[in-house]
Amino acid sequence: ADFHAAHKVNFVEVPLNKRTTVLHQALGVPSLPWTHIYHPDAGLVEERTVNKKHIDEVRQCLRCYVYGECDLDDVPASCENLYGECEIEDDPTEVET
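Here's what I pulled together on the structure shown here.

The rules behind these values
Residues numbered from 1 in each chain as written. Predicted model: local features only at pLDDT ≥ 70, side-chain atom pairs only at ≥ 80, totals over all residues. Heavy atoms only, no water. Helix = DSSP H or I, 4+ residues; strand = E, 2+ residues; numbered from the N terminus. Buried < 20%, exposed > 50% of the residue type's maximum accessible area, 1.4 Å probe, protein only. Areas by Shrake-Rupley, 256 points an atom, 1.4 Å probe, with all protein chains shown as cover. Salt bridge = Lys/Arg side-chain N within 4 Å of Asp/Glu carboxyl O. Pairing = 2+ DSSP bridges. Contact = heavy atoms within 4.5 Å. Expected span 1.5 Å × (residues − 1). Arc of directions from axis to C-beta.

A few points about the overall build of the chain
Counting its regular elements, the chain contains four helices and two strands. Reading the helices (α) and strands (β) of the chain from amino to carboxyl end gives α-α-β-β-α-α. Looking at the chain as a whole, 12% of its 97 residues qualify as buried. Accessible surface, the chain as shown: approximately 8,800 Å² in total, 50% of it carbon and sulfur.

In structure tokens:
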């Protein structure tokens, strides 16, 4: 089965030329190649560079949205990296008495 049809994923390539320059600028595309990932309910959810060095990250990110689940690195307090602070307990199984 075709991945695009089976998972309702569309890929759109917008070349950079005189006619599309305004579109690239309006979308805030800082460099090429670049990708935007849109979710039907959430809209724009990811903006990423796409090149040989980052292609696996883009594939993994797309898989997360297609299948609705992601593998997360086992990094303690990783929300601190995202939000600057974290309220997650170091050991959620530990109970205070």
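Back to the write-up after that little detour.
Let's talk about the pattern of salt bridges
Under the defined criterion, the tally for this structure stands at three salt bridges. Residue Arg48 is joined to Glu46 by a salt bridge in which the shortest nitrogen-to-oxygen separation is 3.3 Å. Given the relative accessible area of 24%, Arg48 is considered partly exposed. As a salt-bridge pair, Arg48 and Glu57 come within 3.9 Å of each other at their nearest N and O atoms. Linked by salt bridges that have partners in common, Glu46, Arg48 and Glu57 make up one network.

What to know about the pairing of strand E1 (residues 34-39)
Within a regular strand, side chains alternate between the sheet's two faces. Pairing between E1 and strand E2 (residues 43-49): six bridges, direction antiparallel. What sits directly across from Trp34, in E2, is Thr49. Between E1 and E2, which pair antiparallel one after the other, the connecting turn spans three residues.

Here's the deal with the side chain of Thr20
Note on placement: Thr20 falls in the loop between helix H1 (3-7) and helix H2 (21-26). If near-sequence neighbours (up to four positions away) are discounted, Thr20 is found in contact with Val14 and Pro15.

Focus: helix H3 (residues 55-67)
In this model, H3 (13 residues) spans 18 Å end to end at C-alpha, consistent with the 18 Å of a helix rising 1.5 Å per residue. Here H3 has its buried residues at Val58, Cys61, Leu62 and Cys64. Take H3 and look down its axis: the buried residues cluster within an arc of 150 degrees, on one side only. Where H3 is buried, its residues touch E1 and E2.

A word on the side chain of His24
Considering the arrangement of structural elements, one finds His24 in helix H2. Excluding residues that lie within four positions of it along the chain, His24 makes contacts with Val14, Pro15, Leu16, Val29 and Leu32.

Treat this as a map of the structure, not an account of what it does.
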